[in-house]
Amino acid sequence: MTRPDWLDRYHRRMAPLGGVSTGNLLELSTAGDVSFDRLWAGIDGASTRVWMEMYIFTPDAVGIETLAKLTAAARRGCEVALMTDAIGSPKLKDEHTAALRAAGGHVQCFSPLAPWRRRGPYSRRNHRKIVVVDQATAFTGGLNISVDYAGPEHGEAMFHDYLLTVTGPATADLAAIFHRSWREADGHPLTELPPAEPQSDGTEVQILTLDRHRGRRDLERALVAALESVERSGLVVSPYFVPTRRLTRALVGAARRGAKMRVITAGRSDAPAARWAAHHSAGKLLEAGVCIFELTGTTLHGKAVVLDDCFSAVGSYNMDRWGGWHNMEVSLTTEHAALAEMLTADAARLLGGAGSEELTLKKLAHRSPPGKLLDWLAFRLLSFR
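Description of the structure in this document.

### Some details on a nonpolar patch on the surface
At step 1: Together, L373, W376 and L377 line one region of the surface with nonpolar side chains, adding up to about 300 Å² of accessible area.
At step 2: The residue L377 is located in helix α12 (residues 369–382) in this model.
At step 3: For L377, a relative accessible area of 45% translates into the label partly exposed.

What follows is the structure, given as structure tokens:
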């Protein structure tokens, strides 16, 4: 398929934001067991460092296994640093990480709940998922550490999610994001990460973050710029799809220009309030011609964007109002046809096999008055700044 001209304009516009590197290999996993097998193999093979930044880290079977592997890496002499979020990981206690700390590992909790330990607003949370292994390998996506995200072999197969394995210079950009978060949490000083060599058959990627508390809106700016340029088609995968005004305008504009825009979101959701709020905000998108599908056969948790079959973004950002205002997020964007193809094929499998329902204006109109009120209240809550 012909490469659209807008990509050159997009790259020139986004390059000043930084986080650009060439020569990276990307490997996508959409199956929970495969994702954890790859992540655990990376930790087992580490020789110098394992840095992990995780919103949810639950001390269940998957969490305990991950802690055991981190502890073994620390005992081998690796620099192990684990950072979780206080709201996302309330069950992870000191007794769970005692062996890791005794082996020389470092553990930090971002924005503790105790007011004398917390920095910044209570609502600001570290929603990123980053794992850096040694010098040249990193993992990112929407996957958290819990049996809910693993498949039937390792866990409970509750969520459908994405994990990207990144090999190459982009590892340093992901490591730099981790390092900034670690310093903000007053973590133990970490060693510098030397640059990785580009892979000869690798691709260009850009690592972008979102943290409005620090004035960093690069990720949202990039997604808006790409959506404002898309010509033929667009796919948005988001479990909690309550987009900001800028993202809504960009999606509406793309559909009105004639691009075939599809959104896949959660119909069977672990956060019902987000689904209610999404129903309140869906009218403008549907009127413009955006097609919205709610998954009913599985619980969606992955976050991705594919535009014109060549531009892709995968990360932690749900393209939602709450996350846009309060969360620290990260995403990898790339012009990589193979990744776009894999994400599109996965979307087709979800819509065809797992079960889905298309949301229509007729369905929205048939909501009861109490239902519409509930949707409005949820929308106002998730729009809180």
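### Focus: the packing of helix α1 (residues 6–14) against helix α6 (residues 218–227)
At step 1: Orientation of α1 relative to α6, taken along the N-to-C sense of each, is 160 degrees, at an axis distance of 10 Å. With respect to their mutual orientation, α1 and α6 come out roughly antiparallel. Where α1 crosses over α6, the handedness of that crossing is right-handed. Where α1 abuts α6, its residues W6, Y10, R13 and M14 lie against R221, A222, A225 and A226.

### A few points about the pairing of strand β15 (residues 304–307)
At step 1: Neither face of β15 is exposed, since A304 and V306 on one face and V305 and L307 on the opposite face are all buried.
At step 2: With four bridges joining them, strand β11 (residues 233–237) and β15 adopt antiparallel strand pairing. Residue pairing across strands places V236 opposite V305, the latter belonging to β15.
At step 3: In this sheet, strand β16 (residues 311–315) lies alongside β15 in antiparallel orientation, the contact comprising four bridges. Counterpart to A304 in the pairing with β16 is V314.
At step 4: In sequence, β15 turns back onto β16 through a hairpin of three residues, with D308 there showing a positive phi of about 50 degrees.

### Comments concerning the packing of aromatic side chains
At step 1: Here the structure, examined in full by the defined rule, presents eight aromatic pairs.
At step 2: Between Y10 and F311 the ring centres are 5.2 Å apart and the planes differ by 75 degrees, which places this aromatic pair in the edge-to-face class. A residue pair is termed long-range when its members are at least 10 positions apart, and Y10 in helix α1 and F311 in strand β16 qualify at 301 residues. Residue Y10 shares its accessibility class with F311, and that shared class is buried.
At step 3: Taking the centre distance of 5.6 Å and the plane angle of 50 degrees together, the rings of F36 and W40 count as tilted. One end of the pair is F36 and the other is W40, both in helix α2 (residues 32–44) and four residues apart, which spans about a single turn.

### As for α6
At step 1: Within α6, nine of the 10 residues are buried, which leaves it mostly tucked inside the rest of the structure.
At step 2: Every buried residue belonging to α6 is among D218, L219, E220, A222, L223, V224, A225, A226 and L227, and all of these are buried.

### What to know about the packing of helix α7 (residues 245–256) against helix α8 (residues 272–288)
At step 1: Where α7 meets α8, the closest approach of the two axes is 8 Å, and the angle between their N-to-C directions is 20 degrees. With respect to each other, α7 and α8 are oriented roughly parallel. Regarding α7 and α8, the two cross each other, and that crossing is right-handed. The residues of α8 that touch α7, namely those facing T248, L251, V252, A255 and R256, are K284, L285 and A288.
At step 2: Residue classes in the contact of α7 with α8 are distributed as five nonpolar, one polar and two charged.

Analysis parameters
Residues numbered from 1 in each chain as written. Predicted model: local features only at pLDDT ≥ 70, side-chain atom pairs only at ≥ 80, totals over all residues. Heavy atoms only, no water. Patch = residues over 30% accessible without salt bridge, like charges linked within 9 Å, V, L, I, M, F, W, Y side chains within 5 Å. Areas by Shrake-Rupley, 256 points an atom, 1.4 Å probe, with all protein chains shown as cover. Salt bridge = Lys/Arg side-chain N within 4 Å of Asp/Glu carboxyl O. Helix = DSSP H or I, 4+ residues; strand = E, 2+ residues; numbered from the N terminus. Buried < 20%, exposed > 50% of the residue type's maximum accessible area, 1.4 Å probe, protein only. Axes fitted to C-alpha atoms, helices over the stretch in contact; angles between N-to-C directions. Parallel < 35°, antiparallel > 145°, perpendicular 65-115°, else oblique. Left-handed = near helix turned anticlockwise from the far one by under 90°. Contact = heavy atoms within 4.5 Å. Pairing = 2+ DSSP bridges. Phe/Tyr/Trp six-rings, centres within 6.5 Å; stacked < 30°, edge-to-face > 60°. Nonpolar A, V, L, I, M, F, W, Y, C, P; charged D, E, K, R; others polar.

Keep in mind these numbers describe shape, not what the thing actually does.
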